[in-house]
Number of protein chains: 2
Amino acid sequence: MPFSTAIAALKSRFGAKLSTAVADRQAHGRDEAGHDGMPPDAVLRVGSTDEVAEAVRMCAAYKMPIIPFGAGTSLEGHICAPKGGLSIDLSGMNRIIELNEGDQDVRVEAGVTRQALNAYLRDKGLFFPVDPGSECTLGGMAATRASGTNAVRYGTMREQVLSLKVVTALGDVIETGTRARKSAAGLDLTHLFIGSEGTLGIITELSLKLHGIPEKLAAGVCRFPSLRAATDTVMATIQMGLPVSRIELLDELSVRAVNTYAKMNHPETPTLFLEFGGTSATVDEQIAIFTDLALSLGGSDIEFADTQEEMNRMWHARHQLYYATRAMGPGKKIVTTDVCVPMSRLGDCMLETRADFEASPLFASMLGHVGDGNFHTIMLADPTSRVEMSVLERLNERMVRRAIAMGGTCTGEHGIGIGKRDFLQWEKGPATTLMRQVKMALDPLGIMNPGKMLPDEDLPGA
Amino acid sequence: MPFSTAIAALKSRFGAKLSTAVADRQAHGRDEAGHDGMPPDAVLRVGSTDEVAEAVRMCAAYKMPIIPFGAGTSLEGHICAPKGGLSIDLSGMNRIIELNEGDQDVRVEAGVTRQALNAYLRDKGLFFPVDPGSECTLGGMAATRASGTNAVRYGTMREQVLSLKVVTALGDVIETGTRARKSAAGLDLTHLFIGSEGTLGIITELSLKLHGIPEKLAAGVCRFPSLRAATDTVMATIQMGLPVSRIELLDELSVRAVNTYAKMNHPETPTLFLEFGGTSATVDEQIAIFTDLALSLGGSDIEFADTQEEMNRMWHARHQLYYATRAMGPGKKIVTTDVCVPMSRLGDCMLETRADFEASPLFASMLGHVGDGNFHTIMLADPTSRVEMSVLERLNERMVRRAIAMGGTCTGEHGIGIGKRDFLQWEKGPATTLMRQVKMALDPLGIMNPGKMLPDEDLPGA
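Asker: Looking at this structure, how should I read the relation of the copies chain A and chain B?
Answerer: Two copies of a chain can be linked by a rotation about an axis combined with a shift along that same axis. Relative to chain B, chain A is turned by 180° and slid 0.0 Å along the rotation axis, the superposed coordinates differing by an RMSD of 0.0 Å. Taken together, these values place the two copies in the relation of a two-fold axis.

Structure (structure tokens):
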């Protein structure tokens, strides 16, 4: 085994917290999108920042790669171990350290999930808004700059993190910020680590902004005769500055997947899942404005969820869409990818992508956090068919090129990982040189999640 | 002259755009706070990104320091030249390149001022919200992570910049982002350059978010019998999530300064300058909620500005407060400093700071963007009195230590520059090591605004 000396030293220090069992290693090398076959050499289940720091220092001494692991729900191979090494599993660091109700902020360990945090907050009238479609850890969400259905109103992890505790690649412990809401003090290390995908250090604690649960929430669906009518409505809604809480678009195929998976019976036509929040008066005003707009562009009246339970069921169904679509093609390889474009180009980008899909033999659905200009596709292909796999790859590449050409980005929220490293080069060009310089400066040994985000060449440890 | 060869080369390339006139050099070495006596060796007035890149490459060849210059309105010595070098003046790069109304974003050159941008936008129903109290350039505002009275509602430059064009320390040109509203593509170089104070590269263009001018705006003042009553009201307002557009606190001395300077006659008591924005219904609702709250905590009814003109006059007076206070002590040295603390500590921090001031012989007023937990002090001292100057320094240090101890930051919006380098160490501790590593990676020659933000030792060029 390549790192046997390192693993023996870790075993002697950490005992049963270190596992080299095959099942453990495989489970830590396989992500939600099925990137597979790249297990780490060992898994360490840590309980504290000090343990993380000690493990990092030991790995550094042996130049052993480190892959931070939260819930394993990322989609671009972030947690795979293409160069072997140690998976540091932070899911056991799941304490809520300090709630400051007066400041609407909370301090948590990196392994706390967004669901656990919101369950803890429920009776306090507060919530944490960022909600990717899986049960994921807040540390992992910061590391991948995660987003979700609430981003149109509340922003992404980029907007919701006040400060991070980070174990650097050399095993030092730093705090990037404070609990103050703004600061002009020095380089913005908080944002440098948000979205760094474990390539610069390991996030072990987070201070997060919280928000008051709105006095009134109303959710419902609005149906459209065409994708264009739906995207036109979204664009007009955002351009007029209407502060919707959520505005999610599902195409016909996505609605079909939801219907099948969640035993619902929505008509299979492009549909917006909507939520309005605020005081009673503002919610009523928002609904009236939106309804006028949607009707004028060919949409239906909003069909409201009547009860809290029905509302929860609706959003649960939306969050399960990835799994629902996967269920449409058992045995198929599933590839989900996301791009984000300026709002004025959303309709064009989705329509052109749809035309591409219709000309292909694959099942490929579209859905998205369209209020941000962000949409996803979920494509199914037979992994044993070279033709289908190459069609899939081509569709993916064409969508990314299209988004970049429209002034957008190759990923709104899934990240780069293994899968989009070439796309990052297409999008950022010479700016990736600076990313490499920062990476080399903060991780001189090249041990932090190697093989992710940046091309291997030039990097130490490559 | 230390850089005479470099300057001769620049002169031969740039001709009349390069100035070594004493008046020019002095004007470019003196900032709004009167940091003085550190003029650059020459001033280059650039007209394009290509010119900036060429100048940077020439300076790099001669290891000549570079100090980016916008409007010269920063407050912590950012534009001084303690090691000499070339001041690159971007104020001539003042084109508005592209307005995308449908996406509510705009592309500008770095020398466009916030006032010029808003004048351009006025008849389009859009505005750019970040408003420091001076006529400053948007490039300088990004470089110093500027803020202002609208930050409580719209955030700071940190939240309003979509992407930057940057000339790196090696003279390469990069674009940090796209016009997409969110992205998970790679390391966040946009935020790395926002607030980098010219120490990593030179911002030459910006893509900025814009916002619709609210349907209704209402502004007015609310008076309080004590500073505590005012801060309690601010804390309660923010904690209940009331989306005020502006909530600015002026203490008695600040009100007196405004009265004298702007020929107004506000009663000299702690006063909130307020603005509410939104639809007619939401503004009325906000005003009703705020008024109830303020009355219950000892405040007055809101005294509204009746006309747009009166509203403009009120905010103009607020923005002139720095100059107004300076006018209270002709010939005195003026030191303005700012800290930012978690909202729940705002009252304690301001009251303890006030007690310190009252025990001192100096004129020292307090004011601030209190909705963010951010407040300023403006202190006047006789520069020829060693006693007064040392009292001033001690008051400043005690305020910063107090804010940090309360979980806050040594500067909410003014930045580090020359003046707060020790404070940055107090606040960030070992995290400054990472800042140094990033600095050395991106500016290996140490030519980008040396002597600012980070301590000199260890840095190349020191």
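Still more ground to cover, so stick around.
Asker: Before we go on, may I ask you to explain helix 3 (residues 49-62) of chain A in this structure?
Answerer: For an α-helix the count is 3.6 residues per turn, leaving residues at separations of three or four pointing the same way. Residue and element names in this part refer to chain A. The first and last C-alpha atoms of helix 3 sit 20 Å apart over 14 residues, in line with the 20 Å expected at 1.5 Å per residue. Those residues of helix 3 lying buried are Glu51, Val52, Ala55, Val56, Met58 and Cys59. Here the buried residues of helix 3 occupy an arc of 165° about the axis, which is enough to place them on one side. Buried residues belonging to helix 3 abut helix 1 (4-14), strand 2 (42-45), strand 3 (66-69), strand 4 (86-89), strand 8 (161-168) and strand 10 (201-209).

Asker: Before we go on, may I ask you to explain the domain arrangement of chain A in this structure?
Answerer: Interfaces are often described in size by the accessible area the parts lose on coming together. Residue and element names in this part refer to chain A. The assigned domain composition of chain A is domain 1 (4-91), domain 2 (96-212), domain 3 (216-322) and domain 4 (329-416). Each of domain 3 and domain 4 has a C-alpha centre, and these two points are 22 Å apart. Every contact between the two is made by 19 residues of domain 3 and, on the other side, 17 residues of domain 4. Elements with a contribution of two residues or more to the side of domain 3 that touches domain 4: helix 9 (227-239), strand 13 (246-250), helix 10 (252-262) and helix 13 (321-326). Broken down by element, the side of domain 3 that touches domain 4 gets its largest block of residues, 8 residues, from helix 9. Classifying every residue of the side of domain 3 that touches domain 4 gives 12 nonpolar, 3 polar and 4 charged.

Asker: Would you take a moment to explain the interface of chain A and chain B for this structure?
Answerer: Taken together, the contact between chain A and chain B spans 70 residues of the former and 70 residues of the latter. Sorting the residues of the side of chain A that touches chain B by element identifies strand 9 (173-175), helix 8 (189-193), helix 11 (280-296), helix 16 (421-428) and helix 17 (431-442) of chain A as the ones contributing at least two each. In terms of residue count, helix 17 of chain A provides more of the side of chain A that touches chain B than any other element does, 9 residues in total. Among the residues making up the side of chain A that touches chain B, the classes are represented as 26 nonpolar, 30 polar and 14 charged.

Asker: Honestly, unusual backbone geometry in this entry has me stumped. Any pointers?
Answerer: Negative phi values dominate among residues other than glycine, just as trans dominates among peptide bonds. Residue and element names in this part refer to chain A. The phi dihedral of methionine 453 is positive, around 65°, even though this residue is not glycine. Position of methionine 453 relative to the elements: it lies in the segment after helix 17. The buried category is assigned to methionine 453, around which 28 C-beta atoms lie within 10 Å.

Asker: Please explain the nonpolar core as it appears in this structure.
Answerer: Considering soluble globular proteins, one finds that nonpolar side chains tend to be buried as a cluster. Ala55, Ile88 and Ala142 of chain A together with Ala55, Ile88 and Ala142 of chain B are the most contacted members of the largest nonpolar core, which has 268 residues in total. Dropping the residues within four chain positions of it, isoleucine 88 of chain A is found in contact with Leu44, Val46, Val52, Ala55, Ile66, Pro68, Phe69 and Ile202 of chain A.

Cut-offs applied
Residues numbered from 1 in each chain as written. Chains lettered and ligands numbered in written order. Predicted model: local features only at pLDDT ≥ 70, side-chain atom pairs only at ≥ 80, totals over all residues. Least-squares fit on C-alpha atoms with pLDDT ≥ 70 in both. Helix = DSSP H or I, 4+ residues; strand = E, 2+ residues; numbered from the N terminus. Expected span 1.5 Å × (residues − 1). Buried ≥ 20, exposed ≤ 12 C-beta atoms within 10 Å, placed from the backbone. Arc of directions from axis to C-beta. Contact = placed C-beta atoms within 7 Å. Domains from an automatic or database assignment. Nonpolar A, V, L, I, M, F, W, Y, C, P; charged D, E, K, R; others polar. Core = buried A, V, L, I, M, F, W, Y, C linked by C-beta atoms within 7 Å.

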